[in-house]
Amino acid sequence: MSKITFLPMNVTQEVKAGITILDAAIQYDIPLQHACGGFCACTTCHIQVKSGMSSLSALEEDEIDRLERVAEGVQENSRLGCQAKIYGDVVVEVVHLDES
Ligand code: FES
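Now for a quick tour of the structure.

Rules used throughout
- Residues numbered from 1 in each chain as written.
- Predicted model: local features only at pLDDT ≥ 70, side-chain atom pairs only at ≥ 80, totals over all residues.
- Buried ≥ 20, exposed ≤ 12 C-beta atoms within 10 Å, placed from the backbone.
- Helix = DSSP H or I, 4+ residues; strand = E, 2+ residues; numbered from the N terminus.
- Pairing = 2+ DSSP bridges.
- Core = buried A, V, L, I, M, F, W, Y, C linked by C-beta atoms within 7 Å.
- Contact = placed C-beta atoms within 7 Å.

1. Examining the pairing of strand β5 (residues 90–94)
Right, on to step 1. Residues of β5 alternate between two faces, with Val90, Val92 and Val94 buried on one and Val91 and Glu93 left unburied on the opposite face.
Right, on to step 2. The sheet contact formed by strand β1 (residues 2–7) and β5 spans 4 bridges and is parallel. Each residue of the ladder has a partner; that of Thr5, found in β5, is Val91.

2. What to know about the nonpolar core
Right, on to step 1. Within the largest apolar cluster, 20 residues are counted, with the highest numbers of intra-cluster contacts made by Ile4, Ile21, Ala25, Ile47 and Val92.
Right, on to step 2. Of all the secondary-structure elements, those providing two or more residues to this core are β1, α1 (21–27), β3 (46–51) and β5.
Right, on to step 3. Ignoring any residue separated from it by four or fewer positions in sequence, one finds Ile47 in contact with Ile21, Arg79, Gly81, Val92, Glu93, Val94 and Val95.

3. Section: the pairing of β1
Residues in a regular strand point their side chains to alternate faces of the sheet.
Right, on to step 1. Going residue by residue along β1, you find Ser2, Ile4 and Phe6 tucked away on one face and Lys3, Thr5 and Leu7 left uncovered on the opposite face.
Right, on to step 2. The pairing of β1 with strand β2 (residues 11–15) spans 5 bridges and is classified as antiparallel. Of the residues in β2, the one forming a bridge with Ser2 is Val15.
Right, on to step 3. Connecting β1 to the antiparallel partner β2 that follows it, the hairpin turn spans 3 residues, and Asn10 within it adopts a positive phi of roughly 55°.

In structure tokens form, the structure reads like this:
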């Protein structure tokens, strides 16, 4: 099991290795937006990795493309929650809170 902490709500949960950050968020009712349903299209699942970047699956071309061309406020630690899989302990900050 791996641990993921979601900020700014500061909720930590244990998750199975290989689950995406978005699936972990859905599992634990974290309000992480996912307008396209997790298909690497909308970038509303944008998160920033505060620690544990090396515990996530590697960036793939589609995700890099979306981050470069669609997402706003992208930083070096930006990932898409629907693409990044968890393989160790991570701390992530939700960029777009789902207010609905
Ligand atoms: S949910 Fe749309 S890009 Fe991740």
